[in-house]
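Examining the three-dimensional arrangement
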Amino acid sequence: MLALASVSVAGMAQDNESEVPQMKHSVATNSFWSNWFLQANLAGSAFYSNQEMGAGFSKSPFKGFRNNLGFSVAIGKWFTPGIGLRTKFQGIWGRTVVSEDKDLNASKYWVLNEQVLFNLSNMIFGYNPTRVWNFVPYMGAGFGRNMSYNSYDMNFGFGLLNTFRLSRKVAVNLDLSWYCFEPGFDGVPALRPDVDGFVKKRDNVVNVEVGLTYNLGKATWNKTPDVEALKALSQGQIDALNAQLADAQSENDRLKDMLSKQKPAETKVVKEVVAAPVSVFFNIGKSKIASKKDLQNVKDLAEVAKANNSKIVVTGYADSQTGSASWNKTLSQRRAETVADELVDMGISRDNIEIVAAGGVDTLSPVSYNRRATVAIK
């Protein structure tokens, strides 16, 4: 049920995020396998049967003839920091309130619900992976069975899930909910068919649950790259590198003229002049070049290398704050190979290209600037 429902919710979440401008708290859309969680709770439930209407029983949820202990387990997934789905099983000791004798009222039941979760803390205040308290209203529907009376009925309900962060993986739950069932769920039909009111005509359960949430996998969200800052950095680097390359080309022309006159003593300067690295930037988790404009500087450097038959070193990087070390190593290798392929298209022999995978680094700030590959003449 959760997998089927997730298709539409995930599509909606991705469409919404793609339409929203890059905000301070925006995050990258996750994959289907990311941000799953498990929950287990001890539940205290109070039962209100439709047939008790007019009997004058106390409405207090603390009365023994009305309440009972139980448990619940759930599996769910967050599709955005604000929207998630949860499949929840709850039971198993209940009450069919026909008297004020708790033994006579005892019954066993289970309920299976599909619920949509709305994390208002993230929706209103923005995503914060270290927030202690998250306020999560939800609503859902499903079906249940009263095993003591062999009856099945549909239900719907609303609730409020409060989570209190203990660590990146673990949180404490305080879950408050109300379920409304068809009149025969507790095994006894309505004794007062003349009773007015949608809720009064049906069986109801109020729950207070306390337990734990365990977040599976990474359990956090990646911030979207600051595209404007990246563009500004790229433009600043382009301007600086254009000036460096202009100087390098001018110096290279001078050196070639000296070489033609057999003055090789100056050749040591070549490596020094053309060694300034050129940066090519990538988006988070990608090995496709973010902006083809970065390749203009690579092309200029390639021309200098071809003119001197020099070898080129392409070094790939990833940011160390995103992904595992092994993934960053692989990603940096792919980024370097992407730039190497561009150099081959520019006329550089594959034999003259050396590829280095540096893995995840944090040498530049902000961290998104480390998602790059550098090109330098060896």
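Residues numbered from 1 in each chain as written. Predicted model: local features only at pLDDT ≥ 70, side-chain atom pairs only at ≥ 80, totals over all residues. Heavy atoms only, no water.

**Considerations on the overall build of the chain**
As a reminder of what qualifies: Secondary structure elements follow DSSP: runs of H or I of four or more residues count as helices, runs of E of two or more count as strands, with numbering from the N terminus. Burial classification: accessible surface area is computed with a 1.4 Å probe over protein chains only, and a residue below 20% of its type maximum counts as buried, one above 50% as exposed, and the rest as partly exposed. Contacts are assigned to residue pairs with any non-hydrogen atoms lying within 4.5 Å of each other. Note on areas: Shrake-Rupley with a 1.4 Å probe; residue coverage comes only from the protein chains shown.
Along the chain, the regular secondary structure elements total 7 helices and 12 strands. By residue count, 44% of the 378 residues in the chain fall in the buried class. When contacts within the chain are restricted to residue pairs at least 6 apart in sequence, those whose partners lie at least 24 apart make up 70%. Per element, the accessible surface of the chain, about 19,100 Å² overall, is 59% carbon and sulfur.

**Focus: the packing of aromatic side chains**
Selection rule: The pairing test for Phe, Tyr and Trp rings, Trp by its six-membered ring, is centres within 6.5 Å, and the orientation test on the planes gives stacked under 30 degrees, edge-to-face over 60, and tilted for anything in between. Whether a charge lies above a ring is judged from NZ of Lys or CZ of Arg, which has to be within 6 Å of the ring centre and within 35 degrees of the ring normal.
Under the definition given, this model contains 15 aromatic pairs. Aromatic pair F47 and Y109: ring centres 5.5 Å apart, planes at 85 degrees, arrangement edge-to-face. Separated by 62 residues along the polypeptide, F47 in strand β1 (residues 36–48) and Y109 in strand β4 (residues 106–118) bring together distant segments of the chain. Given a relative accessible area of 3%, Y109 falls into the buried group. Judged by centre distance (5.6 Å) and plane angle (75 degrees), the ring pair of W110 and F143 falls under edge-to-face. A residue pair is termed long-range when its members are at least 10 positions apart, and W110 in strand β4 and F143 in strand β5 (residues 133–146) qualify at 33 residues. Members of the aromatic cluster, each reached through a chain of ring pairs, are F47, Y109, Y179, F181 and F185. Sitting over the ring of Y138, R86 keeps its end group 4.6 Å from the ring centre. The lysine or arginine in question, R372, covers the ring of Y317, its NZ or CZ lying 5.2 Å from the ring centre.

**As for unusual backbone geometry**
A cis geometry characterises the amide bond from G91 onward to I92, with omega recorded as 15 degrees. On the secondary structure map, I92 appears in strand β3 (residues 83–95). Residue P366 is reached from S365 by a cis peptide bond, and omega for that bond is 5 degrees. Looking at the secondary structure, you find P366 in the loop between β11 (353–361) and β12 (372–377). At N35, a residue that is not glycine, the phi angle is positive and equals roughly 60 degrees.

**Re the sheet that holds β4**
Within a sheet, each strand pairs with its neighbour through backbone hydrogen bonds, oriented either parallel or antiparallel. Test applied: For two strands to be treated as a pair, DSSP must find at least two bridges joining them. To get an axis, a line is fitted to the C-alpha atoms, and for a helix only the part in contact is used. The angle between two axes follows their N-to-C directions and goes from 0 to 180 degrees.
Sheet architecture is closed into a barrel: 8 strands sit in the order β1-β2-β3-β4-β5-β6-β7-β8, paired in antiparallel fashion. Adjacent strand axes in the sheet meet at a mean angle of 25 degrees, parallel and antiparallel pairs treated alike. Of the strand pairs in this sheet, β5 and strand β6 (residues 151–165) are connected by 14 bridges, and their pairing is antiparallel. Following the sheet pairing, G140 is matched in β6 by G157.

**A closer look at the environment of L161**
Here L161 lies in strand β6. You can call L161 buried: its relative accessible area is 2%. Separated by 13 residues in the primary sequence, L161 and L174 place their C-alpha atoms 6.0 Å from one another. Excluding residues that lie within four positions of it along the chain, L161 makes contacts with Q39, R86, N134, F135, V136, Y138, N173, L174 and D175.

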